[in-house]
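# Observations on chain architecture
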Amino acid sequence: MRVLGIETSCDETAAAVVSDGYVILSNVVWSQVATHHPYGGVVPELASRKHIEKIVPVVEKALADSGEDSNSLDGVAVTCGPGLVGALLVGLSFAKAFAYARGLPITGVNHLHGHIASVYLQPDPPPFPFVALLASGGHTNLYYVAGPMDFEHMGQTRDDAAGEAFDKVAKILGLGYPGGMVIDQLAQQGDPERIRFPRAFLDKSGFDFSFSGVKTAVARYVQREKEDSSKRIQDIAAGFQEAVVDVLVQKGISAVKAKGCQHLALVGGVASNRRLRERIKEATQEAGIAVHIPPPELCTDNAAMIAAIGDYQLSHGENSSLDLDVYSKTSHSGRPQALAQPGNLRLPNI
Ligand code: KG4
Ligand code: ZN
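Since this is a predicted model, take the numbers as computed values, not measurements.

## Some thoughts on the coordination of the zinc ion (ligand 2)
At the metal site, the zinc ion (ligand 2) is ligated by His111 (NE2), His115 (NE2) and Asp301 (OD), and these contacts range over 2.0 to 2.1 Å. The coordination sphere of the zinc ion (ligand 2) comprises four donor atoms, whose angles at the metal cover 97 to 132°; the geometry is tetrahedral.

Printed below as a string of structure tokens:
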């Protein structure tokens, strides 16, 4: 089965063709970073407009790169949420028109389930059950994954997501947007032990996270030390990164132990962080746990992961109808929190 995946939940316009749920035939990502960079963050209205401009050329390139034409596709998978509603609507509207015109089945995909599926696209997919640590710009969640669509939510951030903390700290340090990659690079030249920022483990036996405290601690530190040029920005970046990595590594490993399983998947944009990858490999090896991490280009937003989970949904009859809608948030079960439910609609009396 060949599935066209489409992803427009935030600031990447992405399309990919995946065969049998795990063979990537093409994977095209158009990043809008240059558009949003001057504003220091994603501007939702600009994101929607850029998706409208790019969706057709990005899908055309994905088809051309795959060596397939639209007649050899078996279905379309599209992200329906969570994400920016205007941005999601561009991908969904395009996907519906594309599927309808070619008589193809369509399935709506949860972006977070897509991130988890990114681990099936690399050579070493984990067997079920496994624990997935998803750390991205919008989410930091732990799941117990008992089957391809069987996700038990174990914990999440109570405030900032890990990637959001990277982006906010980069802003505090005057490094621009987005911040994860820049901090990752700067930290390589810094001393992670020189400045110790707080680690919020919250309830030690629980699996929730909190990253707003470490961000505030960096802001206070920068304010306090601004006269002292000996406090190298590289050390601040390395110290902050180490605090976030410590929490992610320890919570990830204790979640695997709590569930009595042997496999941990690390997914989402923050999973492309070099220090996190290195530390989690060391720590899991010590703990006798197998860790599975997709290559960096599959950790950040892409459509191959959407096609991967879409393949499973389509082959299990989870086809969507053309009244499929977008949603901005998901409940812990992964089910959409509907924007407007029929019972809530107030129709005017005509
Ligand atoms: O998964 P993703 O592409 O989009 C969301 O679903 O949010 O994640 C984007 C987030 C951003 O906050 C970005 O700063 C962070 O992932 N990120 C990184 C790195 N690369 C991207 N954070 C730390 N280190 C990196 N190398
Ligand atoms: Zn994402």
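So that's the structure; there's more coming.
## Considering the side chain of Lys251
One can find Lys251 in helix 8 (residues 233–259). Lys251 sits in the buried class, given a relative accessible area of 3%. Apart from the residues within four sequence positions on either side, Lys251 is in contact with Leu142, Phe201, Asp203, Gly206, Phe207, Asp208 and Phe209.

## Some points on the sheet that holds strand 3 (residues 23–31)
The pairing of strands in a sheet comes from backbone hydrogen bonds and takes either a parallel or an antiparallel form. Strand order in the open sheet made by the five strands is 3-2-1-4-5, with mixed pairing throughout. For this open sheet the edge positions go to strand 3 and strand 5 (106–110), each flanked by a neighbour on one side alone. Each neighbouring strand pair of the sheet contributes to a mean axis angle of 20°, computed without reference to strand direction. Relative to strand 4 (residues 75–81), strand 1 (residues 2–7) is paired through four bridges, and the arrangement is parallel.

## Considering the packing of aromatic side chains
In this structure the tally under the stated criterion is eight aromatic pairs. Ring centres 6.4 Å apart and planes at 80° place the aromatic pair Tyr120 and Phe130 in the edge-to-face group. With Tyr120 in the loop between helix 4 (111–117) and strand 6 (130–135) and Phe130 in strand 6, this residue pair connects regions lying ten residues apart in the sequence. The class of Tyr120 is buried, set by a relative accessible area of 18%. Taking the relative accessible area as the measure of exposure, Phe130 reaches 0% and is therefore buried. Ring centres 5.9 Å apart and planes at 15° place the aromatic pair Phe209 and Phe211 in the stacked group. When its relative accessible area of 0% is taken as the criterion, Phe209 is described as buried. Feature note: the residues Tyr120, Phe128 and Phe130 constitute an aromatic cluster, connected by ring pairs. The cationic tip of Arg102 hangs over the ring face of Phe98; the distance from NZ or CZ to the ring centre is 3.9 Å. It is Lys259 that lies over the ring of Tyr144; its NZ or CZ is 4.9 Å from the centre.

## Some words on the site of ligand 1
For ligand 1, the set of nearby residues contains 19 residues, the closest of which are Gly137, Asp167, Asp184, Gly269 and Asp301. Interatomic distance of 3.1 Å between a backbone N/O atom of Gly180 and an oxygen atom of ligand 1. Coverage of ligand 1 by the protein amounts to 87% of the 550 Å² it exposes when considered alone. When the residues that make up the shell around ligand 1 are grouped by side-chain class, the tally is four nonpolar, twelve polar and three charged. When residues of the shell around ligand 1 are assigned to domains, at least three map to each of domain 1 (2–116 + 299–315) and domain 2 (127–293).

## Topic: the nonpolar core
Ranked by size, the top nonpolar core spans 49 residues in total, and within it Val131, Phe197, Phe211, Phe240 and Leu248 carry the most contacts. Listed by contribution, the elements that provide at least two residues to this core are strand 6, strand 7 (140–147), helix 5 (162–172), helix 6 (180–187), helix 7 (212–224), helix 8, strand 9 (263–267) and helix 9 (274–287). Per-element accounting of this core gives the leading share, 13 residues, to helix 8. Setting aside its immediate chain neighbours within four residues, Phe211 contacts Thr140, Thr157, Asp159, Asp160, Ala161, Ala162, Ala165, Val244, Val247 and Leu248.

What counts, and at which threshold
- Residues numbered from 1 in each chain as written.
- Chains lettered and ligands numbered in written order.
- Predicted model: local features only at pLDDT ≥ 70, side-chain atom pairs only at ≥ 80, totals over all residues.
- Heavy atoms only, no water.
- Donors = N, O, S within 2.8 Å, 3.2 Å for Na, K, Ca; no water.
- Tetrahedral: all angles 85-135°; square planar, octahedral: opposite > 155°, others 65-115°.
- Helix = DSSP H or I, 4+ residues; strand = E, 2+ residues; numbered from the N terminus.
- Buried < 20%, exposed > 50% of the residue type's maximum accessible area, 1.4 Å probe, protein only.
- Contact = heavy atoms within 4.5 Å.
- Pairing = 2+ DSSP bridges.
- Axes fitted to C-alpha atoms, helices over the stretch in contact; angles between N-to-C directions.
- Phe/Tyr/Trp six-rings, centres within 6.5 Å; stacked < 30°, edge-to-face > 60°.
- Lys NZ or Arg CZ within 6 Å of the ring centre and 35° of its normal.
- Near = heavy atom within 4 Å.
- Polar contact = N/O pair within 3.5 Å; in protein donor to acceptor, adjacent residues only side chain to side chain.
- Areas by Shrake-Rupley, 256 points an atom, 1.4 Å probe, with all protein chains shown as cover.
- Nonpolar A, V, L, I, M, F, W, Y, C, P; charged D, E, K, R; others polar.
- Domains from an automatic or database assignment.
- Core = buried A, V, L, I, M, F, W, Y, C linked by side-chain atoms within 4.5 Å.

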